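Now for the letters of each chain:
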Amino acid sequence: MGGREDAEPPSKRAKVPSEDLENSPYNSSYTNSISGSLGDSMARPLYSQGDGERIGSKGLIKKHEFVRILTRALYSLGYDRTGDLLQEESGIQLHPSAVSLFMQQVLDGKWDESLATLHTMGLADESVAKSASFLILEQKFLELLKDGKLMDALGTLRNEIVPLSINKGRVHELAASIISPCQTVVLGLSSQDAGENSRSRFLENLQKLLPAAVMIPERRLEHLVEQALDMQRLNCVFHNTLDSELSLLSDHQCGRNQIPSQTSQVLHVHEDEVWFLQFSHDGRYLASSSKDRSAVIWEVKDNGQVVLKHSLTGHQKPVLTVSWSSDDCQLLTCGLEEVIRRWDVSSGECLYVYERPGVGLVSCGWFPDGKGIVSGMTDKSICLWDLDGRELECWKGQRTVNISDMAITDDGKRIISICKETAILLLDREAKFERLIEEEQVITSFSLSKDNKFLLVTLINQEIHLWSIEEEVKLVSKYKGHKRTRFVIRSCFGGFEQAFIASGSEDSQVYIWHRGTGELLSALPGHSGAVNCVSWNPINPHMLASASDDHTIRIWGLDDLKSVATHSNGFFHKSNGRI
């Protein structure tokens, strides 16, 4: 798995007839001849289909539209002389003469003349003409008002704008601005926003209203090219690179080697099963927790190596989970039905222990502002604490279960928790409203997407479900293939724009699916025990970590690494090939 894609076949080269070999390729007449010949071949095929010539291999592109869009792009890029030359050579004008005159009149502030020209431009939809007239007269009104010509502005409002009988709410706003001239700022024209710059922006807005056939939209070519790149990216099932890697010079297609599939390090510090791990928000740290009652903070170096930073001890029971503060300066660790400890990441010092006599804590999470934490309790309640351990709020009743994940949305409004075996609670703190995600199977864990819009739910029946929770709660997709019979297995979002789903598995492998299609892309061997948890580096889309019952953590990278570094108790050694 994860092997390199086959190399592209060699490009084919045109052969020059033997009788032409005597011509020097550096001879200008020869070069011009070849250039002209290539230009002719690249311009073909041309199709004539009633509405004019068409170009492209499938004859889908109207030549006159294509040339107009190219001309528009040249002017947008500041290549005015080249744009003029293209119009002259092609005989295809960017705009009809009436449209060009109209645009110049708008830029010169000749409002009455521009209105007259507008009605000669052949607008088929009368409502569009009326809306465009309204915008022109509104701009005229605002400029008169800004220049202190109150009576002229009032005349424009009464005699020209009101008779159009549209957008009455806006008319009332314009009328109010006469009484309070400072309203012109609110309405869209400040004292510094005058003259040619203001009118250029106004013309861009006006352009959006008019049909594209009349006025080519600004940056139309860029928009079409971006659409093409977006489509290529969407169709690339292995896409896991930054947008800066996309090129116009060739069709985009990532290979399988863009997905982490090679063990780059094996981390040996924990003395028992590793149950949980999570990268920090900035990707600089990794925290892990274990049945051995410890947690570990690892540091990700600039060269991609992961090294031990702190071993955190003090829990009396196995450590279930960890949770990073929003600034990654502090870490929470939650013992199994025990206590929550808050740690300073820089020093490794325990800053506070949260506990309640007679009640164990089973889950933890940070509020986005870093000033409070939330915990699920063994009495099924959820409690909000400040950093000094004072209980601020508590939601009683069936709010959580003894083995539970917890998440809080970035705005701090919603708390998410497994509230019973087959349901997840979405608790809206401000609206005091609760919704449920109800499954037919027992839920073992869940993960919240970075944009807070989706929830990844792992079930006891060896399925992972993707739920949309933004507005209407609905099931979006299912992922299958991993193994789960006895243990809590956790999955995660990851990769560029979280386009992938990864999960642990009891068969000692790490599974990766394409989020959109549900296609299983990889099953990564290497561990010798059940893989309990996975975490994808949120900054480096090529780095994935997995935690296992074999007491180790594996760091996965791309399969084109020349060598692999293995970490063991703080020391590194190199090994060739797969570990």
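Residues numbered from 1 in each chain as written. Predicted model: local features only at pLDDT ≥ 70, side-chain atom pairs only at ≥ 80, totals over all residues. Heavy atoms only, no water.

Examining helix α7 (residues 150-161)
Reasoning step 1: Of the residues making up α7, those classed as buried are Ala153, Leu154, Thr156, Leu157 and Ile161. Down the axis of α7, the buried side of the element spans an arc of 155°, and every buried residue falls inside it. Along α7, exposed side chains directed more than 90 degrees from the buried face belong to Met151, Arg158 and Asn159.
Reasoning step 2: Those residues of α7 that are buried lie in contact with α6 (126-146) and α8 (168-179). (Buried < 20%, exposed > 50% of the residue type's maximum accessible area, 1.4 Å probe, protein only. Helix = DSSP H or I, 4+ residues; strand = E, 2+ residues; numbered from the N terminus. Arc of directions from axis to C-beta. Contact = heavy atoms within 4.5 Å.)

Section: the confidence of the model for the protein
Reasoning step 1: Across the protein, pLDDT averages 84, with 84% of residues at or above 70.
Reasoning step 2: Below pLDDT 50 for its whole length, residues 189-194 participates in twelve contacts with residues either more than four positions away or in separate chains.
Reasoning step 3: Counting contacts from residues 561-579, a segment whose pLDDT is below 50, to residues more than four positions away or on other chains yields 50 contacts. (pLDDT = per-residue confidence, 0-100.)

Here's the deal with the layout of surface pockets
Reasoning step 1: One number sums up the size of the largest pocket: a volume of about 1300 Å³.
Reasoning step 2: Only β5 (274-279), β9 (319-324), β13 (361-366), β17 (406-408), β21 (443-448), β25 (491-494) and β29 (531-536) provide two or more residues apiece to the lining of the largest pocket.
Reasoning step 3: Each residue belonging to the lining of the largest pocket can be placed in one class, and the counts come to 24 nonpolar, 20 polar and five charged.
Reasoning step 4: Considering only enclosed or pocket space, the second largest pocket measures out at about 540 Å³ in volume.
Reasoning step 5: Looking at the second largest pocket, it is lined by 22 residues, and the ones nearest its centre are Ile61, Glu65, Phe66, Ile69 and Leu224.
Reasoning step 6: Listing elements by their share of the lining of the second largest pocket, those giving two or more residues are β3 (61-62), α2 (63-76) and α11 (220-234).
Reasoning step 7: When grouped by side-chain class, the residues that make up the lining of the second largest pocket number 14 nonpolar, three polar and five charged. (1 Å grid on protein atoms, 1.4 Å probe; cavity = no way out; pocket = protein on both sides within 12 Å on 5 of 7 lines; lining within 4 Å. Points joined across faces, edges and corners; volume = space filled by probe spheres on them. Nonpolar A, V, L, I, M, F, W, Y, C, P; charged D, E, K, R; others polar.)

A short note on the packing of α2 against α11
Reasoning step 1: At a minimum axis separation of 8 Å, α2 and α11 run at an interaxial angle of 110°. Comparing the axis directions of α2 and α11 gives the class roughly perpendicular. Side by side, α2 and α11 meet where Ile69, Leu70 and Ala73 of the first sit next to Arg220, Leu221 and Leu224 of the second.
Reasoning step 2: Taken together, the residues of the contact of α2 with α11 sort by class into five nonpolar, no polar and one charged. (Axes fitted to C-alpha atoms, helices over the stretch in contact; angles between N-to-C directions. Parallel < 35°, antiparallel > 145°, perpendicular 65-115°, else oblique.)

Focus: the nonpolar core
For soluble globular proteins, the rule of thumb is that nonpolar side chains tend to be buried together.
Reasoning step 1: Formed by 33 residues in total, the largest nonpolar core has its most connected members in Phe102, Phe141 and Leu210.
Reasoning step 2: Those elements giving two or more residues to this core turn out to be α4 (97-107), α5 (111-118), α6, α7, α8 and α10 (195-209).
Reasoning step 3: Broken down by element, this core gets its largest block of residues, ten residues, from α6.
Reasoning step 4: When near neighbours in sequence (up to four residues on either side) are disregarded, Leu210 contacts Phe102, Leu118, Met121, Leu123, Val128, Ala132 and Met215.
Reasoning step 5: Judged by nonpolar contacts, the second largest core, of 26 residues, contains Phe279, Ala287, Val306 and Val345. (Core = buried A, V, L, I, M, F, W, Y, C linked by side-chain atoms within 4.5 Å.)

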